[in-house]
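What follows is the residue order along each chain.
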Amino acid sequence: MTRFSAFSLFAKALGGHQGWPEQWPDASPKPAYDAIIVGAGGHGLGAAYYLAKKYGITNVAVIEKGWLGGGNTGRNTTIIRSNYLYDESAHLYDHALKLWDGLSQELNYNTMYSKRGVMMLAHNVHDIQSFKRHIHANRLNGVDNEWLTAEQAKDYCPPLNISPDARYPVLGAALQRRGGTARHDTVAWGYARAAAALGVDIIQNCAVTGIRRGADGAVLGVETERGFIASRRIGVSAAGHSSVIMQMAGLDFPLESYPLQALVSEPVKPVFPCVVMSNTVHAYMSQSDKGELVIGAGTDQYVSYSQRGALHIIEHTLAAICEIFPIFRRMRMLRSWGGIVDVTPDRSPILGKTPVPGLYINCGWGTGGFKATPGAADLLAYTMAKDEPHPINAPYNLDRFRTGRLIDEAAAAAVAH
Amino acid sequence: MLLIHCPYCDQQRAEIEFAYAGEAHIARPLDPAAMSDEDWARYLFIRSNPRGRHHERWRHIHGCGRFFNAVRDTATDKFEATYQAGKPRR
């Protein structure tokens, strides 16, 4: 693996960028591993990387049904923030946010994490009260979040329409300055390259078809399209397909999988400096470094694995965007797509052990998993290495649905429910 | 957008006339006091969420207003059948 640096870029540029080696090898499965991760998205690849890097478990395979980073890692709107209401959530998402800092240096891969700020617009009295409560709760947890008046919001984001005559007048906003965006694909690629360099096998186009369990109930390995692969430790990080995988081990999970759509506009010059979310109007938007406006919609109403949604959902979102940002009314949209998000009843993830010994789960991130990528990966690796959850992810156990200790995080999704 | 057949109106209508109402055939417990926490968790939170045939409830909210059941393939979004509430599971 060639280390990326200004010097190596310059040296390779002299040769017309011809001499770059492959960033990670396409591995074939070995008969057995110390640990297996199901799902090569950012969360899964990251878990493999941290298993190798922090816990010395390098005989690891990441098994992926399709291609690396082709699921929700490549289908989200790349928003990063940690301004969640409850203590458990603030700890979890801020753990991830701290890891985003310095991730590019650690992986020697530019994830393009940009702290451009995430601004949530308040359109009515209820929004103001709710956001101020969030701000105070966040500050008590050491998470930055501040209140802006409408004028301050306009200063921070000039395209904003703060006219009192607007259909949804902007009365103020909550701003998390450490929030922002990152380049989604590079997160998967960076973790894949760094994990492969530590000895992790990344096996693509190899769907898991079953989970084999021994007489004591513990896992023995996974059945795949390319044969049986043995391992006593299996971590599942399969996003929308988590409940399908867990049913292979005989476990029913409190998950439902919905299509979530997003879309981008034609690329334009830099016009939109931050991330803006409006829960009341049901829209959120940022501008990528390529220049496209990146717009997220809400989930479709029905359970589906089809990775596509209905046009009326997008229409509703674009109507909301045009309402708040009249300057974008004549923008043309280029592409739209759907991902399958696994939603839990309390909108918080399930991250930890399962009733099956040796089987670990990282799922239920719903519509907001990208921001948590480094944190979730780190905590899944910790849980798999120690066979017990870290204090940060201990509350995110499966048992909370039996005990009733839910983490009812209505702010977990980027839009109102 | 889905096209949905309402078994009461006997018409194929656009999805925006309908509201999705979750998995079908989940019966409310007859003796709640006798239920264990596990049973409550199963009733309240556990859903089959299959990739394939899914039994689900819809409500023709901008039409007749009535609930009915449907069988849909969640991989293709194709409806196999819709039938009136109270009729046996297809």
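Keep in mind that what you see is a predicted model, and the values were worked out from it rather than measured.

What about the overall build of chain A?
Across its full length, chain A carries 11 helices and 19 strands. Taking 22 Å as the expected radius of gyration for a compact globule of 417 residues, we find that chain A reaches 21 Å, a close match to that expectation. Here chain A holds 417 residues, and 59% of them are scored as buried. Considering only residue pairs separated by 6 or more positions, chain A has 75% of its internal contacts joining residues 24 or more positions apart. Summed over its atoms, the accessible surface of chain A is roughly 16,400 Å², and 53% of this surface lies on carbon and sulfur atoms.

Quick notes on the packing of aromatic side chains
Residue and element names in this part refer to chain A. This model, assessed by the stated rule, comprises 19 aromatic pairs over all chains. With a centroid separation of 5.4 Å and an interplanar angle of 55°, the aromatic rings of F4 and W20 are classed as tilted. With a gap of 16 residues between them, F4 in the segment before helix 1 (6–14) and W20 in the loop between helix 1 and strand 1 (35–38) connect regions that are remote in the sequence. Residue class for F4 comes out partly exposed when judged on its relative accessible area of 25%.

Side note on the nonpolar core
Residues and elements named next belong to chain A. In this structure, L45 and W100 are the most contacted members of the largest nonpolar core, which totals 50 residues. Here W100 is in contact with I80, Y113, A182, V187, F370, K371, T373 and P374, once residues within four sequence places are set aside. By size, the runner-up hydrophobic cluster in this structure holds 30 residues, among which are I63, V219, I234 and L359.

With respect to the packing of helix 2 (residues 42–55) of chain A against helix 10 (residues 373–386) of chain A
Residue and element names in this part refer to chain A. Interhelical geometry of helix 2 versus helix 10 gives an angle of 55° and a closest axis separation of 7 Å. Regarding the angle of helix 2 to helix 10, the classification is oblique. Between helix 2 and helix 10 the crossing geometry is right-handed. Contacts between helix 2 and helix 10 involve G42, H43, G46, A47, Y50, L51, K54 and Y55 on the former and, on the latter, T373, P374, A376, A377, D378, L380, A381, Y382, M384, A385 and K386. Broken down by class, the residue content of the contact of helix 2 with helix 10 amounts to 12 nonpolar, four polar and three charged.

Digging into the pairing of strand 11 (residues 227–230) of chain A
Bridge analysis of strand 10 (residues 219–224) of chain A against strand 11 of chain A gives four bridges, and the strand direction is antiparallel. Each residue of the ladder has a partner; that of A:E223, found in strand 11 of chain A, is A:F228.

What about the interface of chain A and chain B?
On the chain B side, the residues contacting the 25 residues of chain A number 25 residues. Roughly 2,100 Å² is buried in total at the junction of chain A and chain B, and carbon and sulfur atoms are behind 50% of that figure. Counting every contact that joins chain A to chain B gives two salt bridges. The closest approach of N and O atoms between B:E38 and A:R402, which form a salt bridge, is 3.7 Å.

Comments concerning the pattern of salt bridges
Going through the model one piece at a time under the given rule, you end up with 21 salt bridges over all chains. In this structure, B:E80 and B:R53 form a salt bridge, with 2.8 Å as the shortest nitrogen-oxygen distance. Of this pair, B:E80 sits in strand 6 (residues 79–84) while B:R53 sits in strand 4 (residues 53–59), and the two are 27 residues apart along the sequence. Residue B:R53 is classed as partly exposed on the basis of its relative accessible area of 43%. For B:R72, the salt bridge goes to B:E56, with nearest N and O atoms at 2.6 Å. Placement of B:R72 in strand 5 (residues 67–73) and of B:E56 in strand 4 is noted, with a sequence separation of 16 residues between them. Through salt bridges with shared partners, one network takes in A:D94, A:K98, A:D144 and A:R178.

Re the pairing of strand 16 (residues 293–299) of chain A
Residue and element names in this part refer to chain A. Within strand 16, six of the seven residues are buried, leaving the element largely enclosed by the surrounding structure. The pairing of strand 13 (residues 256–265) with strand 16 spans four bridges and is antiparallel. Opposite A262, over in strand 16, you have G296 as the bridge partner. Judged from the four bridges that link them, strand 15 (residues 283–287) and strand 16 form a sheet pairing that is antiparallel. Pairing of M285 across the sheet is with I295, part of strand 16.

Re the confidence of the model for chain B
On average, residues of chain B score 96 in pLDDT, and 100% of them reach the 70 mark or higher. Model confidence for the complex: the whole-complex pTM is 0.95, and ipTM, which rates the interface, is 0.96.

Some points on the environment of A:D34
Residue and element names in this part refer to chain A. Relative to the assigned elements, D34 resides in the loop between helix 1 and strand 1. Residue classification places D34 among the partly exposed positions, given a relative accessible area of 40%. Linking D34 and G298, residues 264 residues apart in sequence, is a C-alpha distance of 39 Å. Apart from residues lying up to four places away in sequence, D34 is in contact with I57, N59, S231 and R233.

Here's the deal with the sheet that holds strand 6 (residues 172–176) of chain A
All names here are of chain A. The strand order across the open sheet formed by eight strands is 5-6-4-14-15-16-13-17, and the pairing between neighbours is mixed. Taken across any chain shown, the strands that pair with only one partner, and hence form the sheet edges, are strand 5 (146–148) and strand 17 (333–343). Within this sheet the neighbouring strands show an average axis-to-axis angle of 25°, counted without direction. Of the pairings in the sheet, the one linking strand 14 (residues 275–278) to strand 15 comprises three bridges and is antiparallel in character. Counterpart to M277 in the pairing with strand 15 is Y284.

Rules used in this analysis
- Residues numbered from 1 in each chain as written.
- Chains lettered and ligands numbered in written order.
- Predicted model: local features only at pLDDT ≥ 70, side-chain atom pairs only at ≥ 80, totals over all residues.
- Heavy atoms only, no water.
- Helix = DSSP H or I, 4+ residues; strand = E, 2+ residues; numbered from the N terminus.
- Rg over C-alpha atoms; globule rule 2.2 N^0.38 Å.
- Buried < 20%, exposed > 50% of the residue type's maximum accessible area, 1.4 Å probe, protein only.
- Contact = heavy atoms within 4.5 Å.
- Areas by Shrake-Rupley, 256 points an atom, 1.4 Å probe, with all protein chains shown as cover.
- Phe/Tyr/Trp six-rings, centres within 6.5 Å; stacked < 30°, edge-to-face > 60°.
- Core = buried A, V, L, I, M, F, W, Y, C linked by side-chain atoms within 4.5 Å.
- Axes fitted to C-alpha atoms, helices over the stretch in contact; angles between N-to-C directions.
- Parallel < 35°, antiparallel > 145°, perpendicular 65-115°, else oblique.
- Left-handed = near helix turned anticlockwise from the far one by under 90°.
- Nonpolar A, V, L, I, M, F, W, Y, C, P; charged D, E, K, R; others polar.
- Pairing = 2+ DSSP bridges.
- Buried area = accessible area lost by both parts, 1.4 Å probe.
- Salt bridge = Lys/Arg side-chain N within 4 Å of Asp/Glu carboxyl O.
- pLDDT = per-residue confidence, 0-100.

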